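An overview of the molecular structure
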Amino acid sequence: MQKSGILVGILLVVLLLFMVAGCRNGVDETVVEEPVSSGESGTAEERSVRNGQKEASVPDQPDDEVVVEMVIQAHAVALDIFFSAFEDGFLGVEPTPFDEVRPTLIEHYSERLVDKEFKQFYEESLWAWGYEMHFAFPFFDRENIIDLDVKKREDTRIVVRGTAYVNYEEHDTITQHLIYENSRWVLD
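Below you will find a few notes about this structure. (Residues numbered from 1 in each chain as written. Predicted model: local features only at pLDDT ≥ 70, side-chain atom pairs only at ≥ 80, totals over all residues. Heavy atoms only, no water.)

Some remarks on the pairing of strand E4 (residues 184–187)
In terms of strand pairing, strand E3 (residues 171–181) meets E4 through four bridges, oriented antiparallel. Following the sheet pairing, Leu-178 is matched in E4 by Leu-187. (Pairing = 2+ DSSP bridges. Helix = DSSP H or I, 4+ residues; strand = E, 2+ residues; numbered from the N terminus.)

Spelled out as structure tokens, the structure:
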């Protein structure tokens, strides 16, 4: 019985690593590096009007520096929530119910990611990561980041790629996607 619990924990850790690395649902998410700007000036709405598209179809996109800060902040918020829940459990205190931390996560992450993957992680995998929880959210702090840059922009998706430490000795390249959902940019 104890071996199956350990195996389930290991499988959940591997699943989370694939999620963090951007390998979701068997979709090839290879990013071809393209120039971030097409050289056109103006807001996304102004460009879309010039190109004959509907004005509301293309949201304004944040600058590269803002995108990088959004990724760092999202990872820091998630780390704080998940690590606090782990510590509560470790100290014998009932962690805050997921439904109460969900609104904070939704400010930074897509509904799909929060309601499917993060909820399961919160309810089943806190002990598997424990005091190494920061490696599940490697962009949580600039000191853990080797590089982090915007690689590609689409109308409602921004691709960010960076390198960060994923354990005490190794670093890895991780791709993150920001999507435009519910009138804001969030990690997906």
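From this point, the discussion proceeds with the structure in view.
Details of the packing of aromatic side chains
A full pass over the atoms with the stated rule returns 17 aromatic pairs. Each ring, one from Phe-90 and one from Trp-127, has its centre 6.1 Å from the other, and the planes form 45°; the classification is tilted. In this pair, Phe-90 is assigned in helix H3 (residues 64–90) and Trp-127 in helix H6 (residues 126–129), connecting sequence segments 37 residues apart. A ring pair is formed by Phe-118 and Phe-137, whose centres lie 6.0 Å apart and whose planes are at 80°; its orientation type is edge-to-face. Of this pair, Phe-118 sits in helix H5 (residues 111–124) while Phe-137 is found in the loop between H6 and strand E1 (145–153), placing the two residues 19 residues apart along the sequence. Here Phe-118 matches Phe-137 in class, with each residue buried. Put simply, the rings of Phe-82, Phe-98, Tyr-109, Phe-118, Phe-121, Tyr-122 and Phe-137 pair up and form one aromatic cluster. (Phe/Tyr/Trp six-rings, centres within 6.5 Å; stacked < 30°, edge-to-face > 60°. Buried < 20%, exposed > 50% of the residue type's maximum accessible area, 1.4 Å probe, protein only.)

Quick notes on the pattern of salt bridges
Proximity of charged atoms lets side chains of opposite charge pair with each other. Applying the stated criterion across every chain yields a total of seven salt bridges. Ionic pairing is found between Arg-142 and Glu-69, a salt bridge with its closest N-O pair at 1.8 Å. You can see Arg-142 sitting in the loop between H6 and E1 and its partner Glu-69 sitting in helix H3, a full 73 residues away along the chain. We note a salt bridge from Glu-117 to Arg-112, for which the minimum N-O separation is 2.8 Å. Since its relative accessible area comes to 27%, Arg-112 is described here as partly exposed. The network of salt bridges with shared partners includes Arg-112, Glu-117 and Asp-188. (Salt bridge = Lys/Arg side-chain N within 4 Å of Asp/Glu carboxyl O.)

Quick look at the packing of helix H4 (residues 98–106) against H5
The geometry of H4 relative to H5 is characterised by a closest axis approach of 11 Å and an angle of 135° between their N-to-C directions. With respect to H5, the element H4 is oriented oblique. In this structure, the crossing between H4 and H5 has a hand that is right-handed. In this structure, H4 contributes Phe-98, Val-101, Arg-102, Leu-105 and Ile-106 to the contact, and H5 contributes Glu-111, Val-114, Asp-115, Phe-118, Lys-119, Tyr-122 and Glu-123. (Axes fitted to C-alpha atoms, helices over the stretch in contact; angles between N-to-C directions. Parallel < 35°, antiparallel > 145°, perpendicular 65-115°, else oblique. Left-handed = near helix turned anticlockwise from the far one by under 90°. Contact = heavy atoms within 4.5 Å.)

Looking at the sheet that holds E4
Spatially, the four strands line up as an open sheet ordered E1-E2-E3-E4, and their pairing is antiparallel. Each edge of the open sheet is held by one strand with a lone partner, namely E1 and E4. On average, adjacent strands in this sheet sit at an angle of 25° to one another, irrespective of strand direction. Helix-sheet contacts for H3 involve E1, strand E2 (157–165), E3 and E4, and the interaxial angle to E1 is about 125°.

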